[in-house]
Amino acid sequence: MEYKILIVEDQKEIFDIVSKYLEKEGYGCAIAKDGFEAMELFSQYQFHLILLDVMMPGIDGFEVLKEIRETSNVPIVMLTARQEEVDRLKGFDYGADDYVVKPFSPRELVRRVNVLVRRIYNKKEEMMLPYRDLKLNISQQRLFKGNTEIPLTSIEFNILKVFFENRGQIMTRDQIIKKAFGYEYDGYDRNIDTYIKRIRHKMEDEPKKPIYIMTKYRAGYMFGGSDDDN
């Protein structure tokens, strides 16, 4: 199931990068550049979550929030440059579910969205972690490349899940072990190299020239890369 998010934001550089990050996570996005457009889109389409800027031309985010709350309990995250406690409390009083102060990290915002979607819709088991043409089904421990399933062992799944959840970050072998297996793991850290080699052979078109899991000399491994964030 694709969850649809309405982004209400009048600054192009912000809604461009926010929509890009959300779409990478598998969400569908619509954009409204002011409060009037937001209300029009909200009346025409179903959205599962709204990211709502406070300061906008026309009617501000607080007014849009009040209007929506008269008819819907859709989760709403307020985006604002205001940092005063009174403004945050005002948003919560009107029914906001969360508050993010600008400037914010797009990655942190996406994580907040994920938490709300999973909590409100109780669909964690249906959530897919996507990257390029790959999709990792968390509950079923299944990996798909396009429409083709790639079989995984439980160990391979645990390692791959760590990579999907930490895309673009260089991780040492020890970090991968702790995230995938916990502190009780009693194998050698070099075992990770063997597991990753097997994973590459399963999902890379050219395992010796990987495009998904890359080796960082004397550092560890990285899934994805900075080029995906541009």
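In case you missed it, the structure is sitting above this.
Caption draft 1: Highlighting the nonpolar core. By size, the foremost hydrophobic cluster in this structure holds 28 residues, and its most contacted members are Ile159, Met203 and Ile213. Only β6 (128–131), β7 (134–137), α6 (154–165), α7 (173–181), α8 (191–203) and β12 (220–223) provide two or more residues apiece to this core. Of the residues forming this core, the biggest block, six residues, is contributed by α6. For Met203, the residues in contact, after removing those within four places along its chain, are Leu134, Leu143, Lys145, Ile150, Leu160, Tyr212, Ile213 and Phe223.

Caption draft 2: Spotlight on α8. With 13 residues, α8 should reach 18 Å at 1.5 Å per residue; the first-to-last C-alpha distance of 19 Å fits that figure. Within α8, the full set of buried residues consists of Ile192, Asp193, Tyr195, Ile196, Ile199, Arg200 and Met203. With its buried residues spanning 165 degrees around the axis, α8 presents them on a single face. More than 90 degrees from the buried face of α8, the exposed residues found are Lys197 and His201.

Caption draft 3: The arrangement of the side chain of Glu204 in detail. Looking at the element boundaries, Glu204 is found in the loop between α8 and β11 (213–216). One buried charge, Glu204, has no salt-bridge partner; the nearest side chain with opposite charge is Arg200, at 5.1 Å. Within the local environment of Glu204, its side chain forms a polar contact with the backbone nitrogen of Tyr212, the two atoms lying 2.9 Å apart. One polar contact links the side chain of Glu204 to the main-chain amide nitrogen of Ile213, over a distance of 3.4 Å. Residue contacts for Glu204: discarding those within four places in its chain leaves Lys145, Pro210, Ile211, Tyr212 and Ile213.

Caption draft 4: Fine view of unusual backbone geometry. For the bond running from Lys102 to Pro103, omega is -5 degrees, close enough to zero to count as cis. With respect to the helices and strands, Pro103 occurs in the loop between β5 (98–101) and α5 (106–121). Unusually for a residue other than glycine, Arg132 sits at a positive phi of about 50 degrees. Position of Arg132 relative to the elements: it lies in the loop between β6 and β7. Phi is positive for Arg218, close to 60 degrees, though the residue is something other than glycine. Look at Arg218 and you get exposed, because its relative accessible area is 76%.

Caption draft 5: Region of the structure containing the sheet that holds β7. Strand order across the open sheet formed by four strands is β6-β7-β8-β9, with antiparallel pairing between neighbours. The open sheet terminates on both sides in strands that have one partner only, identified here as β6 and β9 (148–150). Taking each pair of neighbouring strands and ignoring which way they run, the sheet shows an average axis angle of 25 degrees. In the sheet, strand β8 (residues 142–145) pairs with β9 via three bridges, with the strands oriented antiparallel. Among the inter-strand pairings, Leu143 is bridged to a residue of β9, identified as Ile150.

Reading guide: rules and limits
- Residues numbered from 1 in each chain as written.
- Predicted model: local features only at pLDDT ≥ 70, side-chain atom pairs only at ≥ 80, totals over all residues.
- Heavy atoms only, no water.
- Core = buried A, V, L, I, M, F, W, Y, C linked by side-chain atoms within 4.5 Å.
- Buried < 20%, exposed > 50% of the residue type's maximum accessible area, 1.4 Å probe, protein only.
- Helix = DSSP H or I, 4+ residues; strand = E, 2+ residues; numbered from the N terminus.
- Contact = heavy atoms within 4.5 Å.
- Expected span 1.5 Å × (residues − 1).
- Arc of directions from axis to C-beta.
- Lys, Arg positive; Asp, Glu negative; His and termini not counted.
- Salt bridge = Lys/Arg side-chain N within 4 Å of Asp/Glu carboxyl O.
- Polar contact = N/O pair within 3.5 Å; in protein donor to acceptor, adjacent residues only side chain to side chain.
- Pairing = 2+ DSSP bridges.
- Axes fitted to C-alpha atoms, helices over the stretch in contact; angles between N-to-C directions.

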